[in-house]
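Listed below are the residues making up each chain.
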Amino acid sequence: RRAADIPSSHPDGPAAGGVGIILHSWASAEFERDNVRNARIIVAEALRRCPADQPLYVLAGAIELAGENLELAKAFCMRAYELDRLDKQLYMVWPRVEAAMGEPDRARVLYERGLEYHPKNTKIMNLYAAFEAEQGDLDAARDLHDKALSIDPVSITTMHNRVSWASLETDLGELEEARRLLEEGLELHPNFTAALVALAKVERLCGNFQQARMLLERAARATNQFNPAVIKERAMLLRAMGERDMARSLEQHAASVARMQDMKRKGAWGWEAWNAFFEEARSEKRRALTQKAHARKVELGLWERPGKPGPKAKRQGLHQQEWQAPRQQQQRQQAPVAMASQQEMQAEQQQQQ
């Protein structure tokens, strides 16, 4: 706020003093935290002071896209195009606006134009690949991912490409290819949250529950406890392990977090979204689910009592053998390794009894 006031005294005006750059940075920071309403206010003030600042129009388009105000988002993108049709950031926003408006052909033309101007921009390629995957052209999506990876195999940008590509392969059942893409990336960037979550999903689908749990713990440490992707995958893992009460509790928590973030993206104040989140958390239904999950943790030895860690939580967390494998998972996994793991689990349960 202080930095934005300083350029007002510049002899050639606020724009010459750099107020557009300052407000762009500020609005971007609010937008990254899903504070769409704050970001809108800041961008509006920035455009009032700097009406010819092209990057501000691109950012405004991205903000309105997140808020699902598509007509206004398109108007901002068209104004940005008038000011600078070669800007690479524009071709990361405008095609997504057109796709959201149900105009895939226009989106494809814009992606192609962006790559014509910036043939080695892997961010545009990754977005284009995700778009083609959504449209069902899997070969085109793979080609774009492969091209982006050949151009940039090591930077942090490649991780977004690897995660997107691996998610595509996972959905198609190509788990080994997905694992290869993710493990190679994590060797370079070991704390990339999205890759850790994606690899946890692969391990879950392969029946490697302990490995999946460890990956999710790493992901939680790398980000925060309110990361929806981590929460959802942890709930999926619990459900795959047969722990339905704990899974339901986490699923409801994930849904509340998603609704809170959706409220913020659609223009609610942060305090309004948080109030709605806490109201859901205090509801009788949520309290009942939480109590069941707490009781199960006490039963497993993870908690001595609700809120106080138990002896097994200090050792290695919850071991795969201590969970009840679901019947459906057993039917899908006929490999000798999976059968051996189940026999070990049954033997340990008998010893405990």
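Reading the values: the criteria
Residues numbered from 1 in each chain as written. Predicted model: local features only at pLDDT ≥ 70, side-chain atom pairs only at ≥ 80, totals over all residues. Heavy atoms only, no water. Helix = DSSP H or I, 4+ residues; strand = E, 2+ residues; numbered from the N terminus. Patch = residues over 30% accessible without salt bridge, like charges linked within 9 Å, V, L, I, M, F, W, Y side chains within 5 Å. Areas by Shrake-Rupley, 256 points an atom, 1.4 Å probe, with all protein chains shown as cover. Salt bridge = Lys/Arg side-chain N within 4 Å of Asp/Glu carboxyl O. Buried < 20%, exposed > 50% of the residue type's maximum accessible area, 1.4 Å probe, protein only. Expected span 1.5 Å × (residues − 1). Arc of directions from axis to C-beta. Contact = heavy atoms within 4.5 Å. Phe/Tyr/Trp six-rings, centres within 6.5 Å; stacked < 30°, edge-to-face > 60°. Lys NZ or Arg CZ within 6 Å of the ring centre and 35° of its normal. pLDDT = per-residue confidence, 0-100. Lys, Arg positive; Asp, Glu negative; His and termini not counted. Charge placed at Lys NZ, Arg CZ, Asp CG, Glu CD.

Engineer: How would you summarise the environment of G185 if you had to cite specific residues and measurements?
Structural biologist: Position of G185 among the secondary structure elements: in helix α11 (residues 175–188). Spatially, the C-alpha atoms of G185 and T158 are 7.8 Å apart, while their sequence positions differ by 27 residues.

Engineer: So what's going on with a nonpolar patch on the surface? Which residues, and what values?
Structural biologist: Judged by side-chain polarity, F226, W274 and F278 come together as a nonpolar surface patch covering roughly 250 Å² of accessible area. Here W274 lies in helix α16 (residues 270–281).

Engineer: Describe the pattern of salt bridges, and please don't skip the residues or the numbers.
Structural biologist: The tally for this structure, following the rule as stated, stands at 23 salt bridges. The closest approach of N and O atoms between E176 and R179, which form a salt bridge, is 2.6 Å. Remark: R179 and E176 occur in helix α11; sequence separation between them is three residues, near one turn of the helix. When its relative accessible area of 54% is taken as the criterion, E176 is described as exposed.

Engineer: Can you explain helix α5 (residues 70–83)? Please cite residues and give values.
Structural biologist: Taking 1.5 Å of rise per residue, 14 residues should cover 20 Å, and α5 covers 20 Å from first to last C-alpha, within 8% of that figure. For α5, every residue scored as buried is listed here: A73, K74, F76, C77, A80 and Y81. For α5, the angular spread of buried residues about the axis comes to 160 degrees, placing them on one side. Seen from the buried face of α5, the exposed residues on the opposite side, beyond 90 degrees, are E71 and E82. On its buried face, α5 sits against α3 (36–49), α4 (54–66), α6 (90–100) and α7 (104–117).

Engineer: Got a sec to walk through the packing of aromatic side chains? Specific residues and values, please.
Structural biologist: The full count for this structure, using the stated rule, is nine aromatic pairs. Between W274 and F277, the aromatic rings sit 5.6 Å apart at their centres with planes inclined by 80 degrees, giving edge-to-face as the arrangement. You can see W274 and its partner F277 sitting in helix α16, three residues apart, about one turn around the helix. Take W274: its relative accessible area is 31%, and that puts it in the partly exposed class. Ring pairs connect the aromatic residues Y111, Y128 and F131, which therefore count as one cluster. Positioned above the aromatic ring of Y57, the side-chain terminus of R79 is 5.7 Å from the ring centre.

Engineer: Can you lay out helix α12 (residues 193–205) for me, pointing to particular residues and giving the numbers?
Structural biologist: Taking 1.5 Å per residue as the helical rise, α12 with its 13 residues ought to reach 18 Å, and the 19 Å between its terminal C-alpha atoms agrees with that figure. Within α12, ten of the 13 residues are buried, which leaves the element mostly enclosed by the surrounding structure. Listed in full, the buried residues belonging to α12 are T193, A195, L196, V197, A198, L199, A200, V202, E203 and R204. Immediately downstream of α12, the backbone of G207 shows phi near 85 degrees, a positive value.

Engineer: Could you give an account of the confidence of the model for the chain, naming the residues involved and the relevant values?
Structural biologist: The predicted model of the chain has a mean per-residue pLDDT of 86, with 86% of residues at 70 or higher. When pLDDT is averaged over each element of the chain, α6 comes out on top at 98 and helix α19 (residues 327–332) at the bottom at 41. Here residues 314–342 is a poorly scored stretch, pLDDT under 50, and it has 48 contacts once near neighbours within four places are set aside; other chains count.

Engineer: Would you mind going over a negative patch on the surface in detail, with residue names and values included?
Structural biologist: A cluster of acidic residues, D137, D139, D143 and D146, forms a negative patch on the protein surface. Secondary-structure assignment places D146 in helix α9 (residues 138–151).

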